[in-house]
Amino acid sequence: MLIWGIISILALSMAQPVRSESAPVLTAVTTEYPPFEYVHNGVLQGQDVDTVRAVVEHMGYQPSFQVLPWARAELMVRRGDADLLFSLTASPRRERHYLFTDPISTARDVFYAVRGSEFRWAEFDDLANLSLGLAASYSYDPEFMSWLAQDHAEVVTMSQERPNLAGLRMVAMGRIDLFICEQTACDYLIRHFQAQYPELANVAALPGTVGAARAFRAAFTRQRPDAEQLRDAFNQALKQLPRTRYD
């Protein structure tokens, strides 16, 4: 994983466009989370990447992107070794470390089950005694997490390099009952990895959202003395983008 991370960083550094040396550099770190952010042919792309790049350039900065494992990306921003982290949801725990921007996209968490499953749920107690897969380091709905903390269900945490892909495959193979995932991200994985993992054809999202739809945001390190000014400038530039760029 470390070697892959280094290769990704080098490839991205080579792929960055040449800009004026007079523009100050703003370091932004992220992890691969398609279609929001992912590497294709050595180039970082995705809908949130496009938004962050446009906003940072509008602020008068040159963005320097790095793709890292999520835990390492968070640590860099918490320490002040990087300026900006994306894409993530806000939470009181995270607020201690970051200054969050306005929304750059929307997250909608749903459960995935074996295709054709007749299981339906309306409240969390309907999930009692099931095995539920979660991705490590992802921030889920607080009420859902409080319900899980009461040991009503078996929790299986995915900490692989691609935790969402691992969770979907475990559902397909009958190793867990449900996997919770952001729907845009997991629908993308099902489409793009089905040829490699045919069992994904047997997985589909269940009706119903786990908590309300939430916003994905960018977050500035609190270690910079000008963090509030940067956050405010980011929000102002974001408002000036065409709405189709970040809706």
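Residues numbered from 1 in each chain as written. Predicted model: local features only at pLDDT ≥ 70, side-chain atom pairs only at ≥ 80, totals over all residues. Heavy atoms only, no water.

**What to know about the environment of Asp 83**
If you trace the backbone, Asp 83 turns up in the loop between helix H3 (70-79) and strand S5 (84-88). Among residues more than four places away in sequence, those in contact with Asp 83 are Val 25, Leu 26, Thr 27, Val 77, Ala 219, Phe 220, Thr 221 and Arg 224. Of note is the side chain of Asp 83, whose polar atom sits 2.8 Å from the backbone nitrogen of Thr 27. (Helix = DSSP H or I, 4+ residues; strand = E, 2+ residues; numbered from the N terminus. Contact = heavy atoms within 4.5 Å. Polar contact = N/O pair within 3.5 Å; in protein donor to acceptor, adjacent residues only side chain to side chain.)

**Quick look at unusual backbone geometry**
Of the consecutive residues Pro 34 and Pro 35, the connecting peptide bond is found in the cis state with omega at 5°. Here Pro 35 lies in the loop between strand S1 (25-30) and strand S2 (38-40). The omega angle of the peptide bond from Phe 86 to Ser 87 is -5°, so this bond is cis rather than trans. The residue Ser 87 is located in strand S5 in this model. One non-glycine residue, Asn 129, lies in positive phi territory at about 70°. Structurally, Asn 129 is set in the loop between strand S8 (109-114) and strand S9 (131-135). Even without a glycine there, the phi angle at Ser 137 is positive, about 75°. The exposure class assigned to Ser 137 is partly exposed, which follows from its relative accessible area of 43%. (Buried < 20%, exposed > 50% of the residue type's maximum accessible area, 1.4 Å probe, protein only.)

**Quick notes on the nonpolar core**
Membership of the largest hydrophobic core comes to 24 residues, with the highest contact counts inside it found for Phe 111, Leu 127, Leu 132, Phe 144, Trp 147 and Leu 178. For this core, the secondary structure elements donating two or more residues are S8, S9, helix H5 (142-148) and strand S11 (178-182). Those residues in contact with Phe 111, other than ones at most four positions away along the chain, are Trp 121, Leu 127, Phe 144, Leu 178, Phe 179, Ile 180, Ala 204, Ala 205, Leu 206 and Val 210. (Core = buried A, V, L, I, M, F, W, Y, C linked by side-chain atoms within 4.5 Å.)

**Description of the side chain of Arg 231**
With respect to the helices and strands, the residue Arg 231 is situated in helix H8 (residues 227-239). Look at Arg 231 and you get buried, because its relative accessible area is 18%. There is a polar contact of 2.8 Å between the side chain of Arg 231 and the side chain of Asp 232. In this structure Arg 231 touches Leu 99, Phe 100, Thr 101 and Phe 220, once residues within four positions along its chain are discounted.

**With respect to the state of the cysteines**
Taken as a whole, this structure holds one disulfide when the rule is applied. Put simply, Cys 181 and Cys 186 are joined by a disulfide, and their sulfur atoms are 1.9 Å apart. Here the disulfide of Cys 181 and Cys 186 is right-handed, its torsion about the S-S bond being about 90°. The pair Cys 181 / Cys 186 is uniform in exposure class, with both members buried. (Disulfide = S-S within 2.5 Å.)

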